[in-house]
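Now for the letters of each chain:
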Amino acid sequence: MLSFSRGAAAFIAISITAGPLFAAGNSIRFARDQAEGTVVTVQGVVSVPSGAFAPNDEGFAIQKGNSGIYIHDALGGSYALGQKVIVTGAVANSYGQVLGLQPTAVAVTGSHPVHAAKPIDTGDVGEGSEGTLVRIQGTVVDDVFDDGAYGYRFHVDDGSGEVTVFVYTGTGIDVSGIALGDEVEITGFSGQFLDHYEVNPRVASDIEEVSGCD
């Protein structure tokens with residue numbers, strides 16, 4: 001199991017060196033394919049609220065259709081689940097953290113139901129699902145690891161391969177009832193940290209006991 005500290009991942013600001021590619025905006029999928037530092041304008045529905053992944057980051061995530069992206073927001077805004085937003089910013093990557101944008105402007109344009117999480121095997125959480133909401137179900141295969149101020153980590157496996165579940169402190173989720181051998185269903189953001197992929201729950205209802213939990 002991995003044993004590094006979450007605190008090693010400070011977020012890096014990417015300098016903006018190019019103008020927006022299209023004034024009318026870009027798809028999230030297009031934005032994810034661009035080089036770091038490229039400025040794009042994307043729109044989507046907030047799928048992870050501001051501050052849920054604190055203290056690592058005060059940002060949020062958006063999704064449109066089957067594509068999503070994290071917004072490493074340092075502008076001080078607060079965005080709630082279901083808000084429709086337009087974001088302009090530079091493509092960024094921080095210590096292997098999920099690809100995202102360093103925004104220069106964020107505008108709220110309305111509201112929309114949050115996209116439904118896609119059911120996925122634990123072994124399939126990876127580059128293809130990164131940035132979107134997913135739902136996994138499987139067995140907790142280790143004890144919950146307390147990563148200090150940053151949150152809690154454990155691993156879930158449905159037989160297709162284990163995946164890391166990292167619960168950030170900013171979510172306020174209580175993980176004290178989770179134990180080795182529990183069967184759980186977890187909804188969350190499909191992310192990446194350093195050299196591995198993970199699922200990041202956002203709210204308490206994202207973790208459900210299937211069986212074997214007290």
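Predicted, not measured: the structure shown is a model, and the values here were computed from it.

**Student:** Could you give an account of the pairing of strand β11 (residues 183-193), naming the residues involved and the relevant values?
**Tutor:** Of all eleven residues making up β11, nine are buried, and the element is well covered by its neighbours. Judged from the seven bridges that link them, strand β7 (residues 133-140) and β11 form a sheet pairing that is antiparallel. Within the sheet, the bridge partner assigned to G138 lies in β11 and is V184. Where β11 and strand β12 (residues 196-200) come together, five bridges link them in antiparallel fashion.

**Student:** Let's hear about the pattern of salt bridges: which residues, and what values?
**Tutor:** On inspection of all chains with the given rule, the structure shows four salt bridges. Across the pair D147 and R153 runs a salt bridge whose closest N-O atoms are separated by 3.8 Å. In this structure D147 comes out as buried when scored by relative accessible area, which is 6%. The shortest N-O distance in the salt bridge between R202 and D206 comes to 2.9 Å. Considered together, R202 and D206 belong to a single accessibility category, that of buried residues.

**Student:** Quick rundown of the packing of aromatic side chains? Include the residues and the values.
**Tutor:** What the rule picks out here adds up to six aromatic pairs. Within the aromatic cluster, the residues linked to one another by ring pairs are F53, Y70, F166, Y168 and F189.

**Student:** Describe the confidence of the model for the protein, listing the residues and the values that go with them.
**Tutor:** Looking at the protein, pLDDT values average 86 and 85% of them are 70 or higher. Here residues 1-5 scores under 50 on pLDDT; set against residues more than four positions off or in separate chains, the count is 14 contacts. In the model, residues 7-24 has pLDDT below 50 throughout and makes 40 contacts with residues more than four positions away in sequence or in other chains.

**Student:** With reference to specific residues and values, describe the sheet that holds strand β3 (residues 67-71).
**Tutor:** Spatial strand order, β1-β2-β3-β5-β4: five strands in a closed barrel with mixed pairing. In this sheet, adjacent strand axes meet at a mean angle of 45° when their direction is disregarded. As paired elements, strand β4 (residues 83-92) and strand β5 (residues 100-111) share ten bridges and run antiparallel to each other. What sits directly across from G89, in β5, is P103.

**Student:** Run through the nonpolar core, naming residues and quoting values.
**Tutor:** Of all hydrophobic cores here, the largest spans 17 residues; its most connected members are I136, F154, V156, V165, V167, I186 and V199. Those elements that provide at least two residues to this core are β7, β9 (151-157), β10 (163-168) and β11. Ignoring any residue separated from it by four or fewer positions in sequence, one finds V165 in contact with I136, Y152, R153, F154, V156, I186, V199 and P201. Counting residues in each nonpolar core, the second largest holds 16 residues, with V42, I69, V85 and V87 among its members.

**Student:** Could you give an account of the side chain of R202, with specific residues and numbers?
**Tutor:** Inspection of the secondary structure assignment puts R202 in the loop between β12 and β13 (207-211). Of the polar contacts made by the side chain of R202, one reaches the backbone oxygen of S47; its length is 2.9 Å. Not counting residues up to four positions away in its chain, the partners in contact with R202 are S47, V48, P49, A52, L81, V114, L133, T171, I173 and T187.

Here is what the cut-offs are and how they apply
- Each chain carries its own residue numbering, running from 1 in the written order of its sequence.
- The predicted nature of this model means local features are confined to residues of pLDDT at least 70 and side-chain atom pairs, given and counted, to a pLDDT of 80 or more, with totals for whole chains, interfaces and linings taken over all residues.
- Water and hydrogen atoms play no part in the side-chain values, which are based on all heavy atoms of the structure.
- Residue exposure (1.4 Å probe, protein chains only): buried if accessible area is under 20% of the type maximum, exposed if over 50%, otherwise partly exposed.
- Numbered from the N terminus, helices here are DSSP runs of H or I no shorter than four residues, and strands are runs of E no shorter than two.
- Only when DSSP finds a minimum of two bridges between them are two strands counted as paired.
- Any Lys or Arg side-chain nitrogen located within 4 Å of an Asp or Glu carboxyl oxygen qualifies as a salt bridge.
- In this scheme Phe, Tyr and Trp rings, the latter by its six-membered ring, pair at centre separations within 6.5 Å, and the angle between planes marks the pair as stacked below 30 degrees, edge-to-face above 60, and tilted otherwise.
- A residue's pLDDT is the predictor's confidence in that residue, given on a scale from 0 to 100.
- Should any heavy atoms of two residues lie within 4.5 Å, those residues are considered in contact.
- As a rule, the C-alpha atoms of each element are fitted with a line to give its axis, helices using only the stretch in contact, and angles between N-to-C directions run from 0 to 180 degrees.
- Throughout this description, the term nonpolar core refers to a set of buried Ala, Val, Leu, Ile, Met, Phe, Trp, Tyr and Cys residues connected via side-chain atoms within 4.5 Å.
- Polar contact is defined as a pair of N or O atoms within 3.5 Å, subject to the rule that within protein one atom must be able to donate a hydrogen and the other to accept it, and that residues adjacent in sequence are counted only when both atoms are side-chain atoms.

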